[in-house]
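# Notes for the structure review
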Amino acid sequence: MDKLFLTILNMSLTGAFVIGAICLARLPLKKAPKIISYCLWAVAGFRLVFPFSIESIFSLIPFKAQTIPTDIVMQPVPRIDSGIPFVNNAVSSILPAAKPTASVNPLQIWMATGAWVWFGGVAVLFIYGVVSFFILKRNMRKAAHIEANIYEAENIKSPFVLGVFKPKIYLPVGLSGQEKIFIILHEQTHIRRHDHIIKFVAYFILCVHWFNPLAWVAFLLMGVDMEMSCDERVLKEMGGEIKKDYSLSLLSLATERRIIGGSPLAFGEGGVKGRIKNVLNFKKPSRVIIVVSVALVAVLSAGFAANRATDGNILNSFIPMSMKNVDKEPHFAGTVTEVHDNAILVSVNEGEDARRSSDLISVSLSVKLKDSMTHFTVGDKVIVYYNGEIAKSYPAQVNTVYAIILTNPDMQITSSDENISDIAQRVEDGLLVIMSSPLSSSNPQDYINEHWEEYENLTMKYPDGVLEYLLSQFEAGNSSGLRGQIMMRMCKDMLGVQNNVTDESLSPQEWYRQLSIISEIKLPDFKPENPSGVYDGEVDGKVYGGIFNSAILQQYGGSESGFLMYAPSIYGAYEESGKLKVFVTVYYEYYRLYGSTLESTGGAVIPGAIIFRSGDYSGGWEFEEFLEVGSANLPDGAYFGDSIRKLCVMPVSGNEIKGLAEKMTSDYANDARREMLMQSLKEHLTAHGQTGVSLKKPDGSMIELN
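About the thresholds
- Residues numbered from 1 in each chain as written.
- Predicted model: local features only at pLDDT ≥ 70, side-chain atom pairs only at ≥ 80, totals over all residues.
- Heavy atoms only, no water.
- Phe/Tyr/Trp six-rings, centres within 6.5 Å; stacked < 30°, edge-to-face > 60°.
- Helix = DSSP H or I, 4+ residues; strand = E, 2+ residues; numbered from the N terminus.
- Buried < 20%, exposed > 50% of the residue type's maximum accessible area, 1.4 Å probe, protein only.
- Salt bridge = Lys/Arg side-chain N within 4 Å of Asp/Glu carboxyl O.
- Contact = heavy atoms within 4.5 Å.

## Thoughts on the packing of aromatic side chains
Applying the stated criterion to the full structure yields 28 aromatic pairs. Centroid distance F133 to F200: 5.6 Å. Interplanar angle 80°. Geometry classified as edge-to-face. Here the residue F133 occupies a position in helix α4 (residues 106–139), and F200 occupies one in helix α6 (residues 195–208), the gap between them amounting to 67 residues. When its relative accessible area of 9% is taken as the criterion, F133 is described as buried. Pairing F548 with F612 gives two aromatic rings, centres 6.2 Å apart and planes at 40°, and the pair type is tilted. Residue F548 is found in helix α18 (residues 547–556), and its partner F612 is found in strand β19 (residues 597–614); the two are separated by 64 residues along the sequence. Summarising the burial analysis for this pair, F548 and F612 share the class buried. Ring pairing ties together the aromatic residues F126, F133, F134, F200, Y203, F204 and F219, which thus form one cluster.

Here it is in structure tokens:
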């Protein structure tokens, strides 16, 4: 349901823009026949109902139809893709990023909650509309039949049309003969134009987009245009001389209730004041007004019905996409490091221009060139052709992709080999930009804040070689004034806990003289030699020894991110036909130790299952496979619960293990694993002679460990 909700959100965003534009367009259409502005609402209905449309360079919609990507909840740094950079940055900055220690992103929880709230609202409005319709229909059972489809009822004060396939006109008793003529002609006009069906469809669209305030505005204004255009049709048929009598008829039926009998699916003579004013001012429009109005509506309808072309190049709207014209587009080469359902993570090669944005880029697999590959494995060498736009985040994101080409391992396409002089030029250019403003300030941080993007590019996005060059400038004494202050801040940010100098009052050159870069102390992965508690390998009274630990170490150990610490919860071990399946949730973290400061480099909480086969080793069991929720076959996010249920089956027969999925799901957020890991971390440090160690938290504060 999350994907359906995202589709509705995208349609509602586009529809809201179209509705706002139609509201503005109604102003110059004031003197035009109301049937013209009434017809214009069909475009808003189209945008709110259909998730697809043709792309055109003549589209009047300034943003992409799919502003919210379907995989946004799976992105490590969620970003919208409206096609308008400042909007993307403003909105994306407030979206919650994924937490490395959690398998479910905060945005996934938001989206799931929003989807159910939306569905609940749809159900309430739909039930209300249907129930109120049948209640009103029941109340009209005693209405007296006059002729054809016309009825008279004593329990109503305003005429209305009720029904879909066989609509009936209901009149209050006591109307004069002239009033009856006007009203019946008015309601018959509604029926001939199928307004009663349009009202039904409009209400059901409103049910779907109930959360969108502009959908309510459209529903009300469409009703106004519907009634006024019907009034004008009656005046045209009976002549302008009846304007006064017709207005008096409306006035005599004036009621404040716009919804007849509480039902939104029946409509009568609402909005009387505006209608009387429109009737009294009605006169046959000139041909010029009609021609101009029709032309305006035609342009707006065509412009709002089409989606914005995803590529700004006009020729690409007419020339079929092929590798011949794609290879002229911006591109970069790299190595696939992660594969997901909708994207691949690419480590960008040294020397590529794209690396100026980030060394890691998440590349969408929604590829424009139909013959392009979309199935990759970790380690593949690829070239990515895209529209030149890289969304700012870490990893960065490329959402408009023309083609992804698999290359030979020895094939490498780069724009140039970046040498020392290239690094120097890049850093010096960046420093000049940062120092350019605000000239009125003497605070170095003001200059950094003013040019944060440039500063971030140098220190975080593509820092390769930057630190070495800056330190060489300190060595050469080129660190005076504002330049030195900014250089010192850049070095401190890149060194992090490797910076041994804590005195903030030092000048840049004094700081460099005292600098002694703290080297990393390499520690091995955590291996419990005397396991206790969950590590003892005993499940339901049966001892399996250390095979669980060995499997976890094989799955997560040996990482370049640092040494591994882990704390598993084991929910059960099930044997069947020579197979053993152990169900676990593993909380793991990677750490690096610099002197007495420890910092986390990442981690996660992963539910999974370890499968063993019978053998001659490890007490009769040999490791076979480690299944993780979050993998391609067991996706997390919106599919988290389904993946857990799919996981919790017997190893051979695939029969469901009753109650296990619920047990694993309810235990997912258990903080006991974190406490267990922290205790093991302290013991691991002490066991390897590391005492007086403090852990640096993400906010910069420190926690003493031992």
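Back to the text.
## Description of the pattern of salt bridges
This model, assessed by the stated rule, comprises 14 salt bridges. Salt-bridge contacts for E152 lead to K180; the nearest nitrogen and oxygen are separated by 3.4 Å. With E152 in strand β3 (residues 150–153) and K180 in helix α5 (residues 177–192), this pair connects stretches of sequence that are 28 residues apart. In this structure K180 comes out as partly exposed when scored by relative accessible area, which is 25%. Across the pair E656 and K658 runs a salt bridge whose closest N-O atoms are separated by 3.7 Å. One network of salt bridges, in which partners are shared, links K579, R613, E622 and E624.

## Considering the environment of L185
With respect to the element layout, L185 can be found in helix α5. When the C-alpha atoms of L185 and C230 are compared, they prove to be 9.4 Å apart, with 45 residues separating the residues in sequence. Discounting chain neighbours no more than four positions away, the residues touching L185 are V234, E237 and M238.

Fair warning: the whole summary comes from geometry, so function is off the table for now.
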